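# Results of the structural survey
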Amino acid sequence: MIHRLVANALDAIFSKGDAIAIDMPMTVNAVIIYLAIILAGCVVVSVADSFAVKEIATRWRVSKAKGIFTQYFILRGGRKFPLYRSNNYTPIYQPVEAVTDILLSSGTTGEPKAIPWTQLSPIRGAADSWAHIDVQAGDDAGVTILGTVPSLVKSWRSTQCLKGLDWTRIKSFASIGEVSNIDDDLWLSSRSYYKPIIECCGSTELASCYIQGTASIWSHSTASLTTGFVIVDEHGIPYPDDQACVGEVGLFPIYMGATDELLNADHEKVYLNGMPMYKGMHLRRHGDIIKRTIGGYLVVLGRTNDTMNLGGIKVSSIEIEHVCDRADESILETAAVSVALVYGGLE
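Cut-offs applied
Residues numbered from 1 in each chain as written. Predicted model: local features only at pLDDT ≥ 70, side-chain atom pairs only at ≥ 80, totals over all residues. Heavy atoms only, no water. Patch = residues over 30% accessible without salt bridge, like charges linked within 9 Å, V, L, I, M, F, W, Y side chains within 5 Å. Areas by Shrake-Rupley, 256 points an atom, 1.4 Å probe, with all protein chains shown as cover. Salt bridge = Lys/Arg side-chain N within 4 Å of Asp/Glu carboxyl O. Helix = DSSP H or I, 4+ residues; strand = E, 2+ residues; numbered from the N terminus. Buried < 20%, exposed > 50% of the residue type's maximum accessible area, 1.4 Å probe, protein only. pLDDT = per-residue confidence, 0-100. Contact = heavy atoms within 4.5 Å. Pairing = 2+ DSSP bridges. UniProt positions renumbered as here; feature names shortened; annotations may be inferred. Phe/Tyr/Trp six-rings, centres within 6.5 Å; stacked < 30°, edge-to-face > 60°. Axes fitted to C-alpha atoms, helices over the stretch in contact; angles between N-to-C directions. Core = buried A, V, L, I, M, F, W, Y, C linked by side-chain atoms within 4.5 Å.

With an unreviewed UniProt entry as reference, the protein is termed AMP-dependent synthetase/ligase domain-containing protein, source organism Carpinus fangiana.

Here you go:
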């Protein structure tokens, strides 16, 4: 029966008549593979396992084999002889600006953006994790630090699916993706004897979060490592750094790890056009509307394209949803939607 399983696997990759080499000692597995190759209508290329790597390569080339069955090493006289390849590999050294990954944004503000990450991008993310979430050696799948999303926490709380689990090893939580709910955060923190929840807010194109930290639930306490930003009003004028205010975030253009190109859009048009100058710097758009409280804490109210102008007052849809979520315990989730009236205005 086993040789039929192998034959089915061969059918998915090779064609009838293809030559397939076997470079293995005469074991039960080698016999099964031999029969499976014939059963699949292919041709066996027998290669003695005593040959050196160069000789094996020559026989593979001469026979025009399309594939090979082998093992990492054989044992002979108490020594290991490699049959496949060395586990060592000399890395290819690239400059720090070399692209290593292409990520696609969530698409919440339109077509997903193709965002190229460089060698520096994941380093920035790791630096933030160390500086703000206190990720250290040994923090792994234990789990000692747990990343969450507010909607997931809400589901955990409503279904009570975590009942009976031991979360005493957790030393902190990191929350990202949405605005947190205070009651849900208190419930989550209580699962591990009220360990802190680090609120994070960033984006794929930044490779990190521009504001982080916690001093009170549902708010951020500081700009992230090496990050500079201002809050600007609807005319693009920055508020003083110590003033309580609500406005759009303008990031300083020098931002470690942030991307400076998009593969399917104009980077300058998306992130720079229409943004004001500040102390000789052209601010970078992020798209968040945030509130700075009297105590200096930062609360994300939503995206610039999600604000509603109600009676001349700009209100974030997330701010409305947050109030409605807390109106009654029976409300699981709310969504604020603006509808244009026939005779003008919004409802």
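Further notes follow.
## Notes on a nonpolar patch on the surface
On the surface, a cluster of nonpolar side chains totalling about 510 Å² of accessible area is made up of Met 26, Val 31, Tyr 34, Leu 35 and Ile 38. Looking at the secondary structure, you find Val 31 in helix α2 (residues 28-39). Its relative accessible area of 38% is what places Val 31 among the partly exposed residues.

## Regarding the confidence of the model for the protein
Put simply, the protein has an average pLDDT of 84, and 88% of its residues get 70 or more. Put simply, strand β20 (residues 307-310) is where the protein has its lowest mean pLDDT, 57, and strand β14 (residues 229-232) is where it has its highest, 95. Every residue in residues 342-347 scores below 50 in pLDDT, and together they form 12 contacts with partners more than four places removed in sequence or on other chains.

## A closer look at the pairing of strand β7 (residues 114-118)
Among the 5 residues in β7, 4 count as buried, and that is most of the element. Note: strand β6 (residues 99-104) against β7, 5 bridges, orientation antiparallel. Each residue of the ladder has a partner; that of Ile 102, found in β7, is Pro 116.

## Section: the UniProt feature "transmembrane region" (unreviewed entry) in the protein
Using the residue numbers shown here, the UniProt feature "transmembrane region" (unreviewed entry) corresponds to residues 31-53. A distance of 22 Å separates the end C-alpha atoms of residues 31-53, which is 43% helix and 17% strand.

## Considering unusual backbone geometry
For Gln 160, which is not a glycine, the phi torsion comes out positive at approximately 55°. On the accessibility criterion, Gln 160 (41% relative accessible area) is partly exposed. For Thr 226, which is not a glycine, the phi torsion comes out positive at approximately 70°. Its location among the elements puts Thr 226 in the loop between β13 (222-223) and β14.

## Some thoughts on the packing of aromatic side chains
Aromatic ring pairs are described here by two measures, namely the spacing of the ring centres and the angle between the planes. On inspection of all chains with the given rule, the structure shows 4 aromatic pairs. For the pair Trp 167 and Phe 173, a centre-to-centre distance of 6.0 Å together with 45° between the ring planes defines the contact as tilted. The exposure class of Trp 167 is buried, given its relative accessible area of 12%. Look at Tyr 210 and Phe 229: their rings are 6.0 Å apart centre to centre, the planes differ by 85°, and that puts the pair in the edge-to-face class. Of the two residues, Tyr 210 sits in strand β12 (residues 208-212) while Phe 229 sits in strand β14, which places them 19 residues apart along the sequence. Accessibility classification places Tyr 210 together with Phe 229 in one group, the buried group. Ring pairing ties together the aromatic residues Trp 156, Trp 167 and Phe 173, which thus form one cluster.

## Thoughts on the sheet that holds strand β2 (residues 43-46)
Sheet architecture is open: 3 strands sit in the order β2-β1-β3, paired in parallel fashion. A single partner strand is all that each edge strand has here, and the edge strands are β2 and β3 (67-70). Pairs of neighbouring strands in the sheet enclose a mean axial angle of 30°, with direction left out of account. The pairing of strand β1 (residues 19-23) with β2 spans 4 bridges and is classified as parallel. Opposite Ala 21, over in β2, you have Val 45 as the bridge partner. On the sheet, helix α3 (residues 53-63) packs against β1, β2 and β3 and is oriented at approximately 145° with respect to β3.

## Let's talk about the pattern of salt bridges
Within this structure, the stated rule accounts for 7 salt bridges. We note a salt bridge from Glu 55 to Arg 59, for which the minimum N-O separation is 2.9 Å. With Glu 55 and Arg 59 both in helix α3 and 4 residues apart, the pair spans about one turn of that helix. The closest approach of N and O atoms between Lys 154 and Asp 184, which form a salt bridge, is 3.2 Å. On the criterion of sequence distance, the pair formed by Lys 154 in helix α5 (residues 150-159) and Asp 184 in helix α6 (residues 182-190) is long-range, its members being 30 residues apart. Considered together, Lys 154 and Asp 184 belong to a single accessibility category, that of buried residues.

## Considering the nonpolar core
With 15 residues, the main nonpolar core has Leu 10, Ile 20, Ile 22, Ile 37 and Cys 42 as its most contacted residues. The set of elements that each furnish at least two residues to this core consists of α1 (2-11), β1 and α2. No other element matches the 5 residues that α2 contributes to this core. Grouped together as the second largest cluster of nonpolar side chains are 13 residues, Cys 201, Ile 231, Leu 251 and Tyr 255 included.

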